[in-house]
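Given next are the chains, with one letter for each unit.
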Amino acid sequence: MRAKITYTVTAAVLVFYFVLAGSRGILLIRHGTLLTVTFGVAVLILPLIGIWFLWKNTQFVRRANALAAELDAEGGLPVDDLARTPSGRIDRDSADAAFVRRQAETEDAPDDWRCWFRLAVAYQDARDTPRARKAMQRAITLHKATSGPSAPSSPSGPSDSPGISAPTGTSSPSGTSSPSGV
């Protein structure tokens, strides 16, 4: 609940900023000189990009939360039994062990959105946010493909499936360090 309140407050502050910046852009355009019109258009573009970015992130969060609710109803959410440091952070070795289990699970069932969702959680626990987001996007895509009336006749093939690699800064099961990024 706290995360939802924080997200809502942050989004509201951003929207206020976008309106304020947009109004300044309109004032610059109304001034009428070539320089102020140019700056005014530039100032108007920034809030548009910000609104688009905020909209896309809000859609992502809503879809991920819907998958979490569906997985919770099925009893398939991953259990948070990871060891923690005294400060409350997840222990790196514990997160790596959970990741190896989730990675194997996902490799065994690459077309199951549930596995990709749990893999995304494992990436997040290992503090590898970019890969967590990509895994969650894959889960959302697979969920859309397997449910809904407008779903394509076959889910996307392995060619557009992101590879599964160890979280950034950890060792893969073979002992080699994975590169950072995706």
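Enquirer: Talk me through the nonpolar core; I want residue IDs and the actual numbers.
Expert: Grouped together as the largest cluster of nonpolar side chains are 19 residues, with contacts concentrated most on Leu67, Phe117, Met136 and Ala139. The element best represented in this core is helix 4 (residues 113-125), accounting for seven residues. Leu82, Ile90, Ala95 and Ala126 belong to the second largest nonpolar core, which has five residues in total.

Enquirer: An account of the packing of helix 2 (residues 34-74) against helix 4 is requested, with residue identities and associated values reported.
Expert: At a closest axis distance of 11 Å, the pairing of helix 2 and helix 4 adopts a crossing angle of 110°. Taken together, the axis directions place helix 2 and helix 4 in an arrangement best described as roughly perpendicular. By crossing handedness, the relation of helix 2 to helix 4 is classed as left-handed. Facing helix 2, whose interface residues are Ala64, Leu67, Ala68, Glu70, Leu71 and Glu74, helix 4 presents Trp113, Arg114, Phe117 and Arg118. A class-by-class count of the residues in the contact of helix 2 with helix 4 yields six nonpolar, no polar and four charged.

Enquirer: Summarise a nonpolar patch on the surface; cite the residues concerned and give the values.
Expert: Among the surface-exposed residues, Ile29, Val41, Ile45, Leu46 and Ile49 lie close enough to one another that they form a single nonpolar patch of about 430 Å² accessible area. Looking at the nonpolar patch, the element that brings in the most residues is helix 2, giving four residues.

Enquirer: Quick one: what's the story with the pattern of salt bridges, residue by residue and with numbers?
Expert: Taken as a whole and assessed by the stated rule, the structure comprises six salt bridges. Among the ionic pairs, Asp80 bridges to Arg84, the shortest N-O distance being 2.4 Å. Asp80 sits in the exposed class, given a relative accessible area of 53%. Of the charged contacts, one joins Asp112 and Arg114 as a salt bridge, the two residues approaching to 3.3 Å between their closest N and O atoms. Three or more residues joined by partner-sharing salt bridges are found here, namely Glu74, Asp112 and Arg114.

Enquirer: Provide a residue-level description of the layout of surface pockets, including the pertinent values.
Expert: Computed from the structure, the largest pocket encloses a volume of approximately 640 Å³. Together, 21 residues line the largest pocket, and Ala3, Phe60, Val61, Ala64 and Asn65 are the ones closest to its centre. Of all elements in the fold, only helix 1 (2-31), helix 2, helix 4 and helix 5 (129-146) reach the threshold of two or more residues within the lining of the largest pocket. Top element by residues in the lining of the largest pocket is helix 2. It accounts for seven residues. Counted by class, the lining of the largest pocket contains 12 nonpolar, five polar and four charged residues. Forming the boundary of the second largest pocket are Pro78, Val79, Asp80, Asp81, Leu82, Ala98, Arg101, Arg102, Arg118, Val121, Ala122 and Asp125. Elements with a contribution of two residues or more to the lining of the second largest pocket: helix 3 (92-108) and helix 4. The element that contributes the greatest number of residues to the lining of the second largest pocket is helix 4, accounting for four residues. Of the residues in the lining of the second largest pocket, the class split is six nonpolar, no polar and six charged.

Enquirer: Residues and numbers for the packing of aromatic side chains, please.
Expert: For the coordinates displayed, the defined rule picks out two aromatic pairs. Between the aromatic rings of Phe99 and Tyr123, the centroid separation amounts to 5.0 Å while the plane-to-plane angle is 50°, which identifies the pairing as tilted. A residue pair is termed long-range when its members are at least 10 positions apart, and Phe99 in helix 3 and Tyr123 in helix 4 qualify at 24 residues. You can call Phe99 buried: its relative accessible area is 3%. Residue Tyr123 is classed as buried on the basis of its relative accessible area of 2%. Over the aromatic face of Phe60 sits the side chain of Arg133, whose NZ or CZ is 4.0 Å from the ring centroid. Stacked on the ring of Trp116, the Lys or Arg Arg138 has its end atom at 6.0 Å from the ring centre.

Calculation rules
Residues numbered from 1 in each chain as written. Predicted model: local features only at pLDDT ≥ 70, side-chain atom pairs only at ≥ 80, totals over all residues. Heavy atoms only, no water. Core = buried A, V, L, I, M, F, W, Y, C linked by side-chain atoms within 4.5 Å. Buried < 20%, exposed > 50% of the residue type's maximum accessible area, 1.4 Å probe, protein only. Helix = DSSP H or I, 4+ residues; strand = E, 2+ residues; numbered from the N terminus. Axes fitted to C-alpha atoms, helices over the stretch in contact; angles between N-to-C directions. Parallel < 35°, antiparallel > 145°, perpendicular 65-115°, else oblique. Left-handed = near helix turned anticlockwise from the far one by under 90°. Contact = heavy atoms within 4.5 Å. Nonpolar A, V, L, I, M, F, W, Y, C, P; charged D, E, K, R; others polar. Patch = residues over 30% accessible without salt bridge, like charges linked within 9 Å, V, L, I, M, F, W, Y side chains within 5 Å. Areas by Shrake-Rupley, 256 points an atom, 1.4 Å probe, with all protein chains shown as cover. Salt bridge = Lys/Arg side-chain N within 4 Å of Asp/Glu carboxyl O. 1 Å grid on protein atoms, 1.4 Å probe; cavity = no way out; pocket = protein on both sides within 12 Å on 5 of 7 lines; lining within 4 Å. Points joined across faces, edges and corners; volume = space filled by probe spheres on them. Phe/Tyr/Trp six-rings, centres within 6.5 Å; stacked < 30°, edge-to-face > 60°. Lys NZ or Arg CZ within 6 Å of the ring centre and 35° of its normal.

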